[in-house]
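Structure assessment
This is what each chain is made of:
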Amino acid sequence: MDAEAESAAANQECSGSSGGEGVKSTENGNKEEQREKGETTTKKEDVGGRVDPEFFCCLLQPANADSDPYYAGIRRLLLYRKAESGCVRRLDWRCNGKGYIHYRNYIRRPRNWEKSQVPSLLSTPGNSSGRWFRSSSSLSQLYDMESISSSRDVPSFNPSSARRTSVSSGGSDINHPRERQPEPGYSFVGMHCIFDHSKAAVTVLKFGKRSSDLLAYGASDGTLTVCTVSQSPSVLKQLNGHSKDVTDFDFSSNNQYIASSSMDKTVRVWELSKGTCIRVIYGVSQQLCIRFHPVNNNFLSVGNVNREITVFNFSTGRIIAKTVLKNEVTSMDHDHTGRLIFCGDQQGCIYSIGMDSRTGALSRSHRYRSSSKSKSPVTTVQYRSFSLLARGPVLLTCTQDGNLSFFRVALERKGYLTLHCSLKLAPRVHSMRASFCPLLSLEQGEYIVAGSEDSNVYFYDLTKPNNPCVNKLQGHQFPVIGVAWNYGENLLASSDLHGVVIVWKRAKTG
């Protein structure tokens, strides 16, 4: 009996101990499950990002009867997240003294980019030190070599084509990178600043005359915004008054006033120091282009849909002179003497019109007809007093169908135009503008910068007709409409259809 009692007690102890261990293991299992659930919840929250109405609208969008029930909502969600991620990458970017191609490589880097870097030498733009260190990995060496070379048309990067891209652009091997050479004059170090205050497409933008930090841009909602792009970029004035698209504007010679034209059939004169409209000139048709006279700032020249070029008195608002062309006047510019006005019309014709600097009287001189069968509106007319390529004054015109034309100007023959060279680009849906690159062209070639439908800013060398594209800037997500240089030509501003204005900083040379 005693032996049986002892064995029963022993069995009870063993069962009790095993039961206690079972309770402990169950508790540990519950904790681990809760921890796993918590980690899963955290991962889901991290993946989903912040919850917003657009997120749920994308997920809960009802499907059509003839479509996949999961396709429409998922597609909208992916497109929404793609646009948002692009903005985040752009805002996170820091120049850090590196070339623009580094930024392009950063946004196009492969998924395992961080794993290929040495931990002690971070090469991502978001490091706290404010520097971009060189890594010893082969991918980093490839990116550094590619940023040295001036690629003409940059393909999308993938590791399998890395060696071929490097050889074609610079002729160097991945394992033997060449020494850094001076960057060409058309290279950029990155984005200087971004203005995204506009709620509509920015149709026109300009820097102040003989100013390197005063920038203004007009939008399709009728607003004019004046900014400073100095060390602390900011918006100075918001000029509200136009009820429709701002088609054009111009600074006075001292940058104290802005004259703007609009689709609401008015011309407005603004005093920048007060940010107020001091004069409104009402017309009978939509006003498309406007310029201050370069010598006598009391004259305002305006082109409109009614085929008229009208000269107004800046002080009184009265009409001084008027001339009528055959089509709508879409763009214009003065020569440096103020004796000529160059105008482009709806059918692609370019006019040279004489102007008296004292009385404002107009006299029509010459008309240049395009040989192209397709007649397209002239979106840009820009005069330049000297070009090495033409050995004299020149005129640049750009049409909506993608024709860039470069003219010699004979001032002694009242602005007679001779076509020197031209460049055919892809046709555009929107009215996009182009601009000279005067300081760059003094070094070599004849450079033109223009926006594009593919959201890039392109640089073209007219002296290289076979391979005219020498560089492109990527940062916009919508078609680029306007481009403008500052006076020192170290900053380039570009605007897009979504209302974003990017100011690019050019690399120092020499």
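Because the structure is predicted, anything quoted here is derived from the model rather than measured.

**Digging into the overall build of the chain**
For the chain, the helix and strand inventory stands at 7 helices and 28 strands. With 510 residues in all, the chain has 47% of them scored as buried.

**With respect to the pairing of strand S18 (residues 378–387)**
Across the 10 residues that make up S18, a large majority, 7, are buried. Sheet topology note: the S18/strand S19 (residues 392–399) ladder contains 7 bridges and is antiparallel. Within the sheet, the bridge partner assigned to Gln382 lies in S19 and is Leu396. The turn joining S18 and S19, which pair antiparallel and follow one another in sequence, is formed by 4 residues; a positive phi near 60° is taken by Arg391.

**Here we look at the nonpolar core**
The biggest cluster of nonpolar side chains holds 17 residues, and the ones touching the most others in it are Leu404, Phe406, Ala434, Ile448 and Tyr460. When residues of this core are traced back to their parent elements, those giving at least two are S19, strand S20 (403–410), strand S21 (416–424), strand S22 (434–436), strand S23 (447–451) and strand S24 (456–461). Ranked by residue count, the leading element in this core is S19, at 3 residues. Residue contacts for Ile448: discarding those within four places in its chain leaves Leu396, Leu404, Ala434, Ser435, Phe436, Cys437, Tyr458, Phe459, Tyr460 and Leu462.

**Quick word on the sheet that holds strand S5 (residues 234–240)**
The strand order across the open sheet formed by 4 strands is S2-S3-S4-S5, and the pairing between neighbours is antiparallel. Unpaired on one side and paired on the other, strand S2 (202–207) and S5 mark the two borders of the sheet. Each strand axis lies, on average, 20° off the axis of its neighbour in the sheet, ignoring direction. Bridging between S2 and strand S3 (residues 214–219) involves 5 bridges; their strand directions are antiparallel. The residue of S3 that forms the bridge with Lys206 is Ala216.

Calculation notes
Residues numbered from 1 in each chain as written. Predicted model: local features only at pLDDT ≥ 70, side-chain atom pairs only at ≥ 80, totals over all residues. Heavy atoms only, no water. Helix = DSSP H or I, 4+ residues; strand = E, 2+ residues; numbered from the N terminus. Buried < 20%, exposed > 50% of the residue type's maximum accessible area, 1.4 Å probe, protein only. Pairing = 2+ DSSP bridges. Core = buried A, V, L, I, M, F, W, Y, C linked by side-chain atoms within 4.5 Å. Contact = heavy atoms within 4.5 Å. Axes fitted to C-alpha atoms, helices over the stretch in contact; angles between N-to-C directions.

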